[in-house]
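One letter stands for each residue in the lines below.
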Amino acid sequence: MEGALVLLSGGQDSATCLAWALARFERIETIGFDYGQRHRSELEARQCLLTALRSAFPDWAERLGPDHVLDLTVLGRISETALTRDHAIVTTDAGLPNTFVPGRNLLFLTFAAALAYRRGLKHIVSGVCETDYSGYPDCRDDTIKALQVTLNLGMDQRFVLDTPLMWIDKAETWRLAERLGGKELVEMIRTETLSCYRGDTEHMHAWGRGCGTCPACDLRAKGYAAFIATVSQ
Ligand code: ZN
């Protein structure tokens, strides 16, 4: 049986990816990155989610191995973005939101592969998505496929970069969570994960915690509303 390393940020997407991996692989470990985020609540959310998952899903807990948090604060020092500096969230002249941290996913996946190599894990699972993504070029399917080739050539391995959310939207991501872990998992992801760019944990909405106005909250709110609309039909 194969093992997987899941990139877990503390948001809805990566939490769903973790459940996806737990339903599939024999041995699962998680990795998170401290890249100098403006807020720490994302890193706190991932710990709460892991604790909640372990207690609510004993079968999964048996296969859920160590959690690794890597210090990538150097990324925050070299990038000038709204996620790592106290800037307003706007679209740049290049047509990208200024929440885009250049090279972030490339570095995350490369460090994940280096760790997966040492831990003997074949699959690297991430929640990147092309469907309703924010225009981040390193979330594209072609980017991930190219990186898979590069990592396998450069490390002489046969890693598989799994992207279970690549072609689904946020409403379908909620439906996937429901298929994997029922209403209990949906409720856990709703209450424990944090997608907000501002790291707002004060305000609770139908779709979870967040400021309610940033692009990430907007996307999450719309996706949850679309999910609930189909559930109640
Ligand atoms: Zn927000």
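For the structure, check the block above.
K.L.:
Can you walk me through the packing of aromatic side chains in this structure?
P.N.:
The description of two aromatic rings rests on the distance between their centres and on the angle between their planes. By the definition in use, this model includes seven aromatic pairs. Both rings, one in Phe57 and one in Trp60, keep their centres 4.6 Å apart while their planes meet at 25°; by these two values the pair is stacked. Residues Phe57 and Trp60 agree in their burial class; the two are buried. Judged by centre distance (5.0 Å) and plane angle (75°), the rings of Trp174 and Tyr224 are edge-to-face. Placement of the pair is Trp174 in helix α7 (residues 170-192) and Tyr224 in helix α8 (residues 215-231), with a sequence separation of 50 residues. By relative accessible area, Trp174 is classed as buried at 0%. In textbook terms, an aromatic cluster arises when at least three aromatic residues are bridged by ring pairs, as seen for Phe33, Tyr35 and Phe108.

K.L.:
Please explain the sheet that holds strand β1 (residues 3-7) as it appears in this structure.
P.N.:
Note on sheets: strands pair through backbone hydrogen bonds, and any given pair is parallel or antiparallel. Strand order in the open sheet formed by five strands is β3-β2-β1-β4-β5, with parallel pairing between adjacent strands. Edge strands, defined here as strands with exactly one partner in the open sheet, are β3 (64-71) and β5 (160-162). Pairwise comparison of adjacent strand axes, ignoring direction, gives a mean angle of 25° for this sheet. Direction of pairing for strand β2 (residues 27-34) relative to β3: parallel, over a ladder of six bridges. Looking across to β3, one finds that Ile31 is bridged to His68. Helix α5 (residues 104-119) contacts β1, β2, β3 and β4 (123-125) of the sheet and is inclined by roughly 140° relative to β2.

So, how was this worked out
- Residues numbered from 1 in each chain as written.
- Predicted model: local features only at pLDDT ≥ 70, side-chain atom pairs only at ≥ 80, totals over all residues.
- Heavy atoms only, no water.
- Phe/Tyr/Trp six-rings, centres within 6.5 Å; stacked < 30°, edge-to-face > 60°.
- Buried < 20%, exposed > 50% of the residue type's maximum accessible area, 1.4 Å probe, protein only.
- Helix = DSSP H or I, 4+ residues; strand = E, 2+ residues; numbered from the N terminus.
- Pairing = 2+ DSSP bridges.
- Axes fitted to C-alpha atoms, helices over the stretch in contact; angles between N-to-C directions.
- Contact = heavy atoms within 4.5 Å.

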